[in-house]
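An overview of the molecular structure
The primary structure of each chain is shown beneath.
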Amino acid sequence: MELSIDLHTHTIASGHAYSTLRENVAWARARGLRIIGTSDHAMAMAGVENNAVFDNYRAVPRVLDGVVVLCGVEANIVDVDGTIDIHPDRKKLDYAIVSLHKQCFTPSSKEENTDAVINACKHPQVKIVGHPDDARFPLDYERLSDFIVERDLFCELNNSSLKKNGPRIGAEENLRVLLGLGKEKNMKIIVGSDAHMDVDVGNFDLAKALIDELDYPEELIVNTWETDRILHAFELMEK
């Protein structure tokens, strides 16, 4: 199974990553990716002074060195109402990932954490639920997976979450539960590297091992889709 799309990558614009967009694209090309998405954090994350970088995405070519480039954002959820730290604008952003981070959201009950994620997905640009796997933010996976399927969203399988010294807690156990439900419900998933340096772009080794072990259906894995299908899913065919 070829996973040739990575829509969760960060550049120096995130304030705590180490590579430029051109460096990420070069690594994506070297790894054989067809599509890379750049998805820096918005301004609730420490180190991000403002959201100006997202207002100038018109400067980024759609294709760089043979790699299709999508311009997105990892929007931080900041409260139970699902408020995010950027107002998506279809003219500038190709897509948004919404995620919970301890720097931006105070963990609450399972019900309220789930409400926060679901409410954040009300924005039309939101297509990906980012790393819903951290035990510090318990989620109702039954309700969340139903919502993702109903809204035709993509649930992220974050490779970084599975690293031994990764940024989240209890991810593998939680992902086994979530993907088990997803397999029953035909939930679409998207594997993301969550790269914070160019050498990690397209690194899906741990996520792919889990997919293979659980025998997750290939047709539900967005990273295997053809380029036109991806552009159609993100409503980018005319952009």
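None of these values were measured; they are calculated from a predicted model.

Our focus in this paragraph is a nonpolar patch on the surface. There is a patch of nonpolar side chains on the surface, built from Tyr18, Trp27, Met197 and Val199 and spanning about 420 Å² of accessible area. Take Trp27: it is sitting in helix H1 (residues 21-30). Its relative accessible area of 31% is what places Trp27 among the partly exposed residues.

Residue position: Ser145 is located in helix H4 (residues 141-150). A distance of 2.6 Å separates a polar side-chain atom of Ser145 from the backbone oxygen of Tyr141. Those residues within four positions of Ser145 in sequence are excluded, and the remaining contacts are Leu178, Leu181, Lys185 and Met187.

Contact pair helix H3 (residues 110-120) / H4: the axes reach a minimum separation of 10 Å and the direction vectors enclose 10 degrees. Taken together, H3 and H4 sit at an angle that is classed as roughly parallel. Facing Glu111, Thr114, Asp115, Val117 and Ile118 of H3, the residues of H4 in contact are Arg143, Leu144 and Phe147. When grouped by side-chain class, the residues that make up the contact of H3 with H4 number four nonpolar, one polar and three charged.

With that settled, the discussion passes to the pairing of strand E4 (residues 67-76). Of all ten residues in E4, ten are buried, a share of seventy percent or more. Neither face of E4 is open: one carries Val67, Val69, Cys71, Val73 and Ala75, the other Val68, Leu70, Gly72, Glu74 and Asn76, and all of them are buried. Sheet analysis places strand E2 (residues 35-41) next to E4, joined by seven bridges and oriented parallel. Pairing of Ile35 across the sheet is with Val68, part of E4. Taken together, the two bridges between strand E3 (residues 63-64) and E4 define a ladder with antiparallel strand orientation.

So, about the nonpolar core. Judged by nonpolar contacts, the single largest core of 56 residues is most densely connected at Ile77, Val98, Leu157, Ile189 and Tyr216. With residues near it in sequence (within four places) discarded, Val98 still touches Ala75, Ile77, Ile84, Ala120, Cys121, Val126, Ile128, Val129 and Gly130.

Another point: the packing of helix H5 (residues 171-185) against helix H6 (residues 205-214). Running from N to C, H5 and H6 cross one another at 50 degrees; their axes reach a closest spacing of 11 Å. Judged on the interaxial angle alone, H6 and H5 are oblique. Considering only the axes of H5 and H6, their crossing is right-handed. Every residue of H6 that contacts H5 at Leu175, Arg176, Leu179 and Lys183 is listed here: Leu210, Glu213 and Leu214.

A few words now on H4. Tyr141, Leu144, Ser145, Phe147 and Ile148 are the residues of H4 that are buried. Buried residues of H4, viewed axially, fall in a sector of 160 degrees; they line one side. Packing partners of the buried residues in H4 comprise H3, strand E6 (126-129), strand E7 (154-158) and H5. Directly after H4, the chain includes Asp152, whose backbone phi takes a positive value near 55 degrees.

Reading the values: the criteria
Residues numbered from 1 in each chain as written. Predicted model: local features only at pLDDT ≥ 70, side-chain atom pairs only at ≥ 80, totals over all residues. Heavy atoms only, no water. Patch = residues over 30% accessible without salt bridge, like charges linked within 9 Å, V, L, I, M, F, W, Y side chains within 5 Å. Areas by Shrake-Rupley, 256 points an atom, 1.4 Å probe, with all protein chains shown as cover. Salt bridge = Lys/Arg side-chain N within 4 Å of Asp/Glu carboxyl O. Helix = DSSP H or I, 4+ residues; strand = E, 2+ residues; numbered from the N terminus. Buried < 20%, exposed > 50% of the residue type's maximum accessible area, 1.4 Å probe, protein only. Polar contact = N/O pair within 3.5 Å; in protein donor to acceptor, adjacent residues only side chain to side chain. Contact = heavy atoms within 4.5 Å. Axes fitted to C-alpha atoms, helices over the stretch in contact; angles between N-to-C directions. Parallel < 35°, antiparallel > 145°, perpendicular 65-115°, else oblique. Nonpolar A, V, L, I, M, F, W, Y, C, P; charged D, E, K, R; others polar. Pairing = 2+ DSSP bridges. Core = buried A, V, L, I, M, F, W, Y, C linked by side-chain atoms within 4.5 Å. Left-handed = near helix turned anticlockwise from the far one by under 90°. Arc of directions from axis to C-beta.

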